[in-house]
Amino acid sequence: VQQSLTVCVTGAAGQIAYSFIPLLLSGQVFGQVKINLRLLDIPKMETALKGVVMEIEDCAYPLIGDIQTGSNPKELFKNCDLIVFLGGFPRLPGMERKDLLQKNANIFKEQGEALQEVGKEDVKCVVVANPANTNCLILSRYATKIPRQNFTCLTRLDQNRAYAQVALTLNKPLNSLKNIIIWGNHSTTQYPSIEHATVEGQSFVLPDQGQFIERIQKRGAEVLNARGNSSVFSAANAVKDHIKDWYNGREDTLLSLGVLSNGEYGVQSGLCFSYPIRCLGAFKYEIVGNLQLSDFSKQKLKVTEEELIQEQGLAESI
Ligand code: NAI
């Protein structure tokens, strides 16, 4: 059992960080492990970061170790065991997808270079900032000394959304469901699949599968329209679930994380793709590569893979 961990959160003055930091420091991610915290944001958020630190102090968390804040990844990534990448460039009105991809690719290139220079070789990375899969791929490209299995991106929010919708539709408890999988990109081409899922140990069908798939693909926009703001505490909760299960292991169900593909299911090697994953504990996992896929599923995987190939091309042209 680890006595202390050093965790960096980027985008630490942002919204998801504001919901995630309390989960981390109250022991809901790693249990009773002391956390040394590194908070990274851009220079103009320096004062806001100070405010976050004041609130952390005012919580008097028994688990808090030392805290450092700043805007230089080369300082803050040093000695980190885990980095949670929440910081990114937001989509502004009128901005093209290509511009958004390239702005973020630049950020993740710089942070990848910093990791390569000062990072621990066994540091674990969780990329949340969008486009999450492609940002994760870029990060890994520039931090080649770190094993590729250490790079993941968040698709757990999509998976949690899918579980919740299936439970509501079937009117069954959440813990009676297993093995709902999110395949591919964290975007509207993702494929939320019930092909290998069970309820109370039995496979099942939904009254309208097409509607379910579209609902999950567009759930982010649905929340945004209703709230006038993007998903925040559900995202922070998913980051908690992702890290907790990756760290502790989880034998009872397949999980979804974006990881770097080795060509499983015919997906282009090197893409950051959300797969069915078995978490084995101590931050080890395996991609479950032997599920039988229907033609319908194969087609859906192709669509989301093609989008990721296109994103990779745009991001590489920085
Ligand atoms: P936010 O806009 O409130 O916070 C982002 C923070 O990142 C800001 O404080 C900003 O100053 C900072 N930042 C920008 N460039 C930076 C850099 N180069 N280095 C360090 N920090 C930098 O956004 P919010 O709501 O906290 O969301 C964070 C990200 O997570 C967004 O990209 C959002 O699209 C994404 N997201 C991903 C989800 C997923 O399931 N993968 C779900 C929900 C959000």
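Residues numbered from 1 in each chain as written. Predicted model: local features only at pLDDT ≥ 70, side-chain atom pairs only at ≥ 80, totals over all residues. Heavy atoms only, no water.

Participant: Talk me through the domain arrangement of the protein chain; I want residue IDs and the actual numbers.
Facilitator: It is common to report an interface's size as the accessible area lost on association of the parts. Taken as a whole, the protein chain is organised into domain 1 (4–153) and domain 2 (156–316). With centres defined by C-alpha atoms, the gap from domain 1 to domain 2 works out at 23 Å. On the side of domain 2, 42 residues touch domain 1, which itself brings 34 residues to the contact. With both sides pooled, the region where domain 1 packs onto domain 2 buries about 3,000 Å², and carbon together with sulfur makes up 65% of that total. One can count one salt bridge joining domain 1 with domain 2. Elements supplying a minimum of two residues to the side of domain 1 that touches domain 2: α1 (15–25), β4 (82–85), α4 (97–118), β5 (124–127), α5 (132–142) and β6 (151–153). Considering each element in turn, the side of domain 1 that touches domain 2 owes the most residues, seven residues, to α5. (Domains from an automatic or database assignment. Contact = heavy atoms within 4.5 Å. Buried area = accessible area lost by both parts, 1.4 Å probe. Salt bridge = Lys/Arg side-chain N within 4 Å of Asp/Glu carboxyl O. Helix = DSSP H or I, 4+ residues; strand = E, 2+ residues; numbered from the N terminus.)

Participant: Could you give an account of the sheet that holds strand β3 (residues 64–70), naming the residues involved and the relevant values?
Facilitator: The sheet built from nine strands is open, its strands ordered β3-β2-β1-β4-β5-β6-β11-β12-β13 with mixed pairing. Strands with a single pairing partner mark the edges of an open sheet, and in this sheet they are β3 and β13 (284–287). The mean angle between the axes of side-by-side strands here comes to 30 degrees, regardless of whether they run parallel or antiparallel. Bridging between strand β2 (residues 34–40) and β3 involves five bridges; their strand directions are parallel. Looking across to β3, one finds that leucine 37 is bridged to isoleucine 67. (Pairing = 2+ DSSP bridges. Axes fitted to C-alpha atoms, helices over the stretch in contact; angles between N-to-C directions.)

Participant: Give me α1: which residues, what numbers.
Facilitator: Burial in α1 covers these residues: Ile16, Ala17, Phe20, Ile21, Leu23, Leu24 and Leu25. On its buried side, α1 packs onto β1 (4–10), β2, α2 (46–59), β3, β4 and α9 (233–248). (Buried < 20%, exposed > 50% of the residue type's maximum accessible area, 1.4 Å probe, protein only.)

Participant: Can you lay out the pairing of strand β12 (residues 272–281) for me, pointing to particular residues and giving the numbers?
Facilitator: Here β12 lies mainly inside the structure; eight of its 10 residues are buried. As judged from the seven bridges shared by strand β11 (residues 250–260) and β12, these two strands associate in the antiparallel manner. Bridged to serine 256 within β12 is proline 276. Relative to β13, β12 runs antiparallel, the two sharing four bridges. Residue glycine 281 lies in a different strand from β13, and its bridge partner there is lysine 284. Hairpin connection of β12 to β13: two residues between the antiparallel strands, including alanine 282 at a positive phi of 50 degrees.

Participant: Explain unusual backbone geometry to me, using residue names and the numbers behind them.
Facilitator: Following asparagine 130, the chain continues into proline 131 via a peptide bond in cis, with omega recorded as -5 degrees. Within the secondary structure, proline 131 is located in the loop between β5 and α5. In this structure, alanine 60 takes a positive phi of about 50 degrees despite not being glycine. Tracing the backbone through its elements, the reader meets alanine 60 in the loop between α2 and β3. Among the residues examined, alanine 60 registers a relative accessible area of 60% and is labelled exposed.

Participant: Before we move on, could you go through the site of the ligand and cite the residues and values that matter?
Facilitator: As a structural note, the neighbourhood of the ligand is formed by 21 residues, with Gln15, Ile16, Asp41, Val128 and Asn130 the closest of them. Separating an oxygen atom of the ligand from a backbone N or O atom of glycine 14 is a distance of 3.4 Å. Here an oxygen atom of the ligand and a side-chain polar atom of asparagine 130 are 2.9 Å apart. Starting from 860 Å² of accessible surface for the ligand in isolation, the protein chains cover 82%. (Near = heavy atom within 4 Å. Polar contact = N/O pair within 3.5 Å; in protein donor to acceptor, adjacent residues only side chain to side chain. Areas by Shrake-Rupley, 256 points an atom, 1.4 Å probe, with all protein chains shown as cover.)

Participant: Report on the pattern of salt bridges, specifying residues and quantitative values.
Facilitator: Applying the stated criterion to the full structure yields 16 salt bridges. Between lysine 50 and glutamate 46 there is a salt bridge whose closest N-O contact spans 3.7 Å. Of the two residues, lysine 50 and glutamate 46 both sit in helix α2, four residues apart, roughly one turn of that helix. Measuring nitrogen to oxygen at the nearest pair gives 3.0 Å for the salt bridge that ties aspartate 241 to lysine 240. Across this residue pair, the class does not change: aspartate 241 and lysine 240 are buried. Salt bridges sharing common partners tie together Arg156, Asp245, Arg250 and Asp252.

Participant: Can you tell me about the environment of valine 126, naming the residues and giving the values?
Facilitator: Note on placement: valine 126 falls in strand β5. Look at valine 126 and you get buried, because its relative accessible area is 0%. In this structure, the C-alpha to C-alpha distance between valine 126 and histidine 242, residues 116 residues apart in sequence, is 8.6 Å.

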